[in-house]
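What the coordinates show
Residues per chain, in single letters:
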Amino acid sequence: MPSDLRAAPAKASGLRRLFGEPLLLTLLVLAAIGLFILPLAAVGRLALFASGGGVDAFAAALSSRSVQRALWHSLESAALSAALAVVVGGGLGLLIGLSDLRGRVALSFAILMLMMIPPHVTAIAWMQMLGPSSVLLQMLGTAPPPGSTNPLYSREGVIALLALQQVPIVYLTLRAALRALPRDLAEAARVNGAGPWLLLRRVILPLMGPAFLAGFALAFVAALGNFGVPALLGIPGRYVTLPVLMWQRLASSGPSVLADLAVLATLIGGIAVLAVWAQMRLARGWAVALIGPAQQPLRLSLGRARPLVEGGLWALLALLLLAPLLAMLATALVPTYGVPLNAATATLRHFHEVIFTQSVTARAFANSAGLAVLAGALVAGLALATGALLRGPAAAGARGIATLAEIAYALPGLVISIAFIIAFIKPLPLIGVSLYGTHAIILGAYLAAFLAVGLKPVGVAFAALDPALQEAARVSGAGFWRRFWRIDAPLAAPAAASGAVLVMLTAWNEVTLSSILWTRGTETLGTVIFNYEDGGYSTLAAAMSVISVLATLLLMLALHWLGRNLPPGIIPWRG
Amino acid sequence: MSITLENLTRRYGASHAVDRLSATIPTGCFFTVLGPSGCGKSTLLRMIAGLEPLDEGRIMLEGRAVAGPGLHLPPEARGVGVVFQSYALWPHMDVLGNVAFPIEAAGASRSAARAEAQQHLHSVDLARFADRRPADLSGGQRQRVALARCLAAQARIVLMDEPLANLDPHLRAAMEEEMTAFHARAGATTLFITHDQREAMALSDLVAVMRAGRFEQIATPQDLHDRPATAFVAGFIGRGVVLQSEVMSSSRGEAALRLATGLQVVARAAQARPGPAQVLLRPGDLRVDPAGASARVLACAYRGDHWEARVQLDDQADVLLLNLPQRAAPGESLTVAITGGWVLPQG
């Protein structure tokens, strides 16, 4: 019998071993060079070392009134909206994470919807809810007089909607930190005589300091790179942020202003990286090591106030989430924007038009769906490969790739897309074709910007894995690829699939990256919705938004189902 | 297959997990490494398996160097079997798939591997669980799957990292017998890691007591208990106290000693020479004797089939251990005779 098969263990010769980790690492490094190093280096080179670049270029840019204003607006809106999001998201996180509220998963799901619905759709929904032509307000008889300016077209409008988008980020950060809090700490405080308020003030809030800080930094960086909200509200409200200014310059002058844009991209990218770095430094000085394992989270009793609190939370979410979506649905159902909605006026014409009549919308649906699925699948593959290398001789390389992905994720989307234009506008060597104007450049930007989204769940899954499972395969005589296909990949597959769906959600809903990468033929859902709203076709934009929100909801439910057996921390609203 | 370890060293920062350790483990031997947690025993096992690199030294398996200066054969090329403390059963494969994996890794087709794995499952009496998932098995059954996987690998060297530590105490005794049967059936050279001396005594041909990265003593279980080489081994194995004494005279295998209290004792010894020496007194070396010295009981604890008393010959003297058939109250006086002991080799 095969006992003689084990007789020659020396067959794992040196040459064979080179086709294991070293081969995979080489492939990953090549991918990382194409996705991260090449584009970012191209921006940096153009901004810092090209003729007319360097210090002079930055000084020139910063002396421009429009850049000064846009920079200030960016910093102001990002900081204020992040602060607002910390108050609201942090409060929700503490309330839901520490109390005995019922329906926590459903509440989390609803809160996460605030983030999953893309900024431009949120902006459109709120504009249509609060504007003078609001179908909803007309039905209630409280619409502003016709011809008056939409109250959201203002500094306050931009900041409020940015904050709404970042609430879930802070909420998630708080929930994760609370999950890691050993229950003993709170129980020790209780048996030492602390009531719930003293416990919150003296034990929990101080320990949550780093989480609040991290939530603020994440919200700040996300708001800094946001394009949909300031573009739709800020342009009419004369409150232009840096990403919007960059988009305007590219839209009005075309690629000739690339050198100029590289300087602005370096500026805003630098601010984002600096913010993340400062947060990490501060957190390191602040954090105390928690001793003891995470246990069942604390469930403080709300007593008789519980139904009230629950009712209040659901009412708040209905106001923030459901009302704008209903307003948008109403807009999609009236023949022209401004006509009141009733049984006589309701029509499905716009849905028919965006699905069957207009070729550009059909193309956008197809492009976005295809790009989202491809990006999800490729990110899952890259994440599995990187994760499999995290425990082994190539660990340093794999960690380097993960760090690059994190940096790219923190950078504003417009920086990534400008980097891809600069790096790939020239025809590629050998084949002589430029990637600019193809689906490939959008896909590449998606992979660069969203790799971190897919890498995180896979990283969590691999870290939770008993290392002995991999070691047992090694001592059983399995080489790297057999271990990868039979042990690592199947064990991390559920997490990778969840990561893939998260990436699909993100790609399906994004507008920032494609807003300057799209050309005729490569329109995405986000750009078409944006352009319809921008061009005054509010009803068509609303109809497309409704379809895209429904698709988002379906994807989220699929993810909910996929994640039913995963460890906590992978599906954002579970656990 | 013999295992030869030469001058093995593994450092973590400034501390040595394994420190210039040398030993030869004969073919077919059930060799146990016994030591307190943190003594480096798991690191030693991982170095032999190839899961941990060496800083210095050399490892030879059956005369073939597998690790040494400039040489590190990866685990998959060493042909050793490992039973992990967590068993490391792959949760996404059924029981048969787990056992078949090493056969597949050796080059067999999946169906051939599953057919052969069936026999190994038979030999651990788990054939009817072939299509279960590891999560659906009890602790003892998981343990047996891990053993079957080791059998399937046909490894001539088996390394076991505290495989009984995660079992309930009553299951452990049953699994000990199974281990012995497994060793007899496989005939493989077995290196067994544990911190439980009872387990080591019950299973092993040879036991190495490990401390701070080195072997203090390698001996049969009985020699380890009766003839410990160092005070550490004497204190670590079994119960007893080590006292300072003076060797007055010695003959073949025996020495006459005087304890600090002035009491004269004749104890077993390997090679004692006159002068200061440490002597190990186990509870069995003392008994109640009307002609003995008077002693006071400090405390008394029930040990299952007897009472163990801590007694003192006078107020300044060292505490001795003594087995009693019944309880003695603290403060009570007894007369105690010392009938034997073991003189530790003098340094």
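Residues numbered from 1 in each chain as written. Chains lettered and ligands numbered in written order. Predicted model: local features only at pLDDT ≥ 70, side-chain atom pairs only at ≥ 80, totals over all residues.

Structural notes on the overall build of chain B
For clarity, the cut-off: Only DSSP runs of H or I covering at least 4 residues are called helices, and only runs of E covering at least 2 are called strands; the numbering of each starts at the N terminus. In this scheme every C-beta is placed from the backbone, and a residue whose C-beta has 20 or more other C-beta atoms within 10 Å is buried, one with 12 or fewer is exposed, and one in between is partly exposed. The contact criterion used is a C-beta to C-beta distance within 7 Å, with each C-beta placed from the backbone.
Regarding its fold elements, chain B presents 8 helices and 20 strands. Based on the C-alpha atoms only, the size of chain B along its principal axes is roughly 75 × 45 × 40 Å. Taken over 347 residues, chain B has a buried fraction of 42%. Taking all contacts inside chain B whose residues are at least 6 apart in sequence as the whole, residues at least 24 apart take part in 64%.

Topic: the overall build of chain A
The cut-off we apply is this: Note on method: radius of gyration uses C-alpha positions; expected globular size equals 2.2 Å times residues raised to 0.38.
Check the secondary structure of chain A and you find 25 helices and 0 strands. Its C-alpha radius of gyration of 25 Å places chain A within 12% of the 25 Å reference for a compact globule of 575 residues. A principal-axis box enclosing the C-alpha atoms of chain A has dimensions of 85 × 75 × 50 Å. Split into buried and exposed, the 575 residues of chain A put 49% on the buried side. Intrachain contacts of chain A at a sequence separation of at least 6 include 81% that bridge at least 24 residues.

As for the domain arrangement of chain A
All names here are of chain A. Quick reminder of the rule: The start and end points of each domain follow an automatic or database-based domain assignment.
Per the domain assignment, the segments making up chain A are domain 1 (31-42 + 362-575) and domain 2 (64-336). Centre-to-centre, using C-alpha coordinates, domain 1 lies 23 Å away from domain 2. Each side of the interface is counted separately: domain 1 has 40 residues, and domain 2 has 41 residues. Those elements giving two or more residues to the side of domain 1 that touches domain 2 turn out to be α18 (395-410), α19 (413-424), α22 (480-509), α23 (512-517), α24 (525-534) and α25 (538-562). If one sorts the elements of the side of domain 1 that touches domain 2 by residue count, α25 sits on top with 11 residues.

So, α18(A)
Residue and element names in this part refer to chain A. Heads up, the rule is: An expected span of 1.5 Å times one less than the residue number is assigned to each helix.
With 16 residues, α18 extends 23 Å from end C-alpha to end C-alpha; this agrees with the ideal 22 Å at 1.5 Å per step. Among the residues making up α18, those that are buried are G397, A398, I401, A402, A405, A408, Y409 and A410. Buried positions along α18 lie against α2 (21-48), α11 (209-225), α14 (258-286), α17 (359-389), α19 and α20 (439-464).

Focus on unusual backbone geometry
Residues and elements named next belong to chain B. If you check the backbone angles, A88 has positive phi at about 50° while not being a glycine. Structurally, A88 is set in the loop between β7 (80-83) and α2 (95-105). The backbone of E162 shows a phi angle near 45°, a positive value even though the residue is not glycine. Looking at where E162 falls in the secondary structure, it is placed in the loop between β8 (157-161) and α5 (169-186).

A short note on the sheet that holds strand β15 (residues 275-281) of chain B
Remark on secondary structure: sheet strands pair via backbone hydrogen bonds, oriented parallel or antiparallel. Residues and elements named next belong to chain B. Short version of the rule: Any two strands with at least two DSSP bridges between them are considered paired.
A barrel is described by the order of its strands in space; here 5 strands give the closed sequence β12-β13-β14-β20-β15, paired in mixed fashion. Strand direction decides the pairing type here: strand β14 (residues 264-269) and strand β20 (residues 342-343), joined by 2 bridges, are parallel. From the neighbouring strand, A269 faces β20, where its bridge partner is V343.

Here we look at the interface of chain B and chain A
The condition that has to hold: Gly is put with the polar residues, along with every residue not named as nonpolar or charged; the nonpolar set is Ala, Val, Leu, Ile, Met, Phe, Trp, Tyr, Cys and Pro, and the charged set is Asp, Glu, Lys and Arg.
In this assembly, 26 residues from chain B lie in contact with 24 residues from chain A. For the side of chain B that touches chain A, the elements supplying multiple residues, two or more each, are β7 and α2 of chain B. With 4 residues, α2(B) is the single largest residue contributor to the side of chain B that touches chain A. When grouped by side-chain class, the residues that make up the side of chain B that touches chain A number 17 nonpolar, 6 polar and 3 charged.

Quick word on the UniProt feature "domain: ABC transporter" (unreviewed entry) in chain B
Definition in use: UniProt positions are given in the numbering used here, feature names are shortened, and annotations may be inferred rather than shown by experiment.
UniProt tags residues 3-237 of chain B as "domain: ABC transporter" (unreviewed entry). Note that residues 3-237 of chain B is 36% helix and 28% strand, and that its end C-alpha atoms are spaced 25 Å apart.

Structural notes on the domain arrangement of chain B
By domain assignment, chain B separates into domain 1 (3-228) and domain 2 (239-343). Here domain 1 of chain B and domain 2 of chain B have C-alpha centroids that lie 40 Å from each other.

Here's the deal with the UniProt feature "domain: ABC transmembrane type-1" (unreviewed entry) in chain A
Per the UniProt record, "domain: ABC transmembrane type-1" (unreviewed entry) is found at residues 71-276 and 365-559 of chain A. Within the segment residues 365-559 of chain A, helix and strand shares are 80% and 0% respectively, and the terminal C-alpha atoms sit 21 Å apart.

Structural notes on the pairing of β7(B)
Residues and elements named next belong to chain B. By the alternation rule, side chains of β7 split into V80 and V82 and G81 and V83, which are all buried. The pairing of β7 with β8 spans 4 bridges and is classified as parallel. Considered in β8, the bridge of V83 is made with M160.

Things to note about the environment of B:Q244
As for its placement among the helices and strands, B:Q244 is situated in strand β12 (residues 241-251). Sequence separation between B:Q244 and B:A112 is 132 residues; the distance between their C-alpha atoms is 65 Å.

Focus: the pairing of β12(B)
All names here are of chain B. Summarising the sheet, β12 and β15 pair through 7 bridges and their orientation is antiparallel. Looking across to β15, one finds that Q244 is bridged to Q278. Across 6 bridges, β12 lies against strand β13 (residues 254-259) in antiparallel orientation. Bridge pairing links S249 to A256 in β13.

Overview of the packing of helix α4 (residues 65-98) of chain A against helix α8 (residues 155-179) of chain A
All names here are of chain A. As a reminder, the rule being used: Only C-alpha atoms enter the line fits that serve as axes; for helices the fit covers just the stretch in contact. Angles between N-to-C directions range over 0 to 180 degrees. Geometric relationships in this document are graded by angle, where less than 35 degrees denotes roughly parallel, more than 145 denotes roughly antiparallel, 65 to 115 denotes roughly perpendicular, and other angles denote oblique. Two helices that cross are described as forming a left-handed crossing if the nearer one is turned anticlockwise from the farther one by less than a right angle, and a right-handed crossing if clockwise.
As a packed pair, α4 and α8 sit with axes 6 Å apart at the nearest point and diverge in direction by 40°. Taken together, α4 and α8 sit at an angle that is classed as oblique. For α4 against α8, the interelement crossing comes out right-handed. The residue inventory of the contact of α4 with α8, partitioned by class, reads 20 nonpolar, 7 polar and 1 charged.

Brief notes about the sheet that holds strand β19 (residues 333-338) of chain B
Residue and element names in this part refer to chain B. Overall, antiparallel pairing links the 4 strands, which are arranged β18-β17-β16-β19 in an open sheet. Each edge of the open sheet is held by one strand with a lone partner, namely β18 (319-324) and β19. Across the sheet, the mean angle separating the axes of adjacent strands is 55° when strand polarity is ignored. Judged from the 7 bridges that link them, strand β16 (residues 286-302) and β19 form a sheet pairing that is antiparallel. Of the residues in β19, the one forming a bridge with A295 is L334.

Some points on the confidence of the model for chain B
For clarity, the cut-off: Think of pLDDT as the predictor's per-residue confidence, scored from 0 to 100.
Averaged over all residues, the pLDDT of chain B equals 91, while 99% of them reach at least 70. For this predicted complex, the interface confidence score (ipTM) comes to 0.84, while the overall pTM stands at 0.84.

Here we look at the packing of α2(A) against α17(A)
Residues and elements named next belong to chain A. At their nearest, the axes of α2 and α17 sit 10 Å apart, and the two run at 130° to each other. As the angle between them shows, α2 and α17 are arranged oblique. Handedness of the crossing formed by α2 with α17: left-handed. Together, E21, L24, L25, L28 and A31 of α2 and L382, A385, T386 and L389 of α17 make up the contact between the two elements. Its residues assigned to classes, the contact of α2 with α17 comprises 7 nonpolar, 1 polar and 1 charged.

Quick word on α24(A)
Residues and elements named next belong to chain A. Taken across its 10 residues, α24 has 8 buried, putting it largely inside the fold. Among all positions in α24, only L525, G526, T527, V528, I529, F530, Y532 and E533 are buried. Structurally, α24 contributes buried residues whose contacts are with α6 (119-130), α12 (228-234), α17, α22, α23 and α25.

Quick word on the environment of B:P163
All names here are of chain B. Within the fold, P163 resides in the loop between β8 and α5. Along the backbone, P163 and D289 are 126 residues apart, and their C-alpha atoms lie at a distance of 45 Å. Excluding residues within four positions of it along the chain, P163 makes contact with V83, Q85 and Q143.

As for the confidence of the model for chain A
All names here are of chain A. In this model, chain A carries a mean pLDDT of 87, and residues with pLDDT of at least 70 account for 94%. Model confidence for chain A, summarised as mean pLDDT per element, is weakest for helix α1 (residues 14-18) at 63 and strongest for α4 at 95. For the stretch residues 1-12, pLDDT sits under 50, and the model shows 22 contacts to residues farther than four places along the chain or on other chains.

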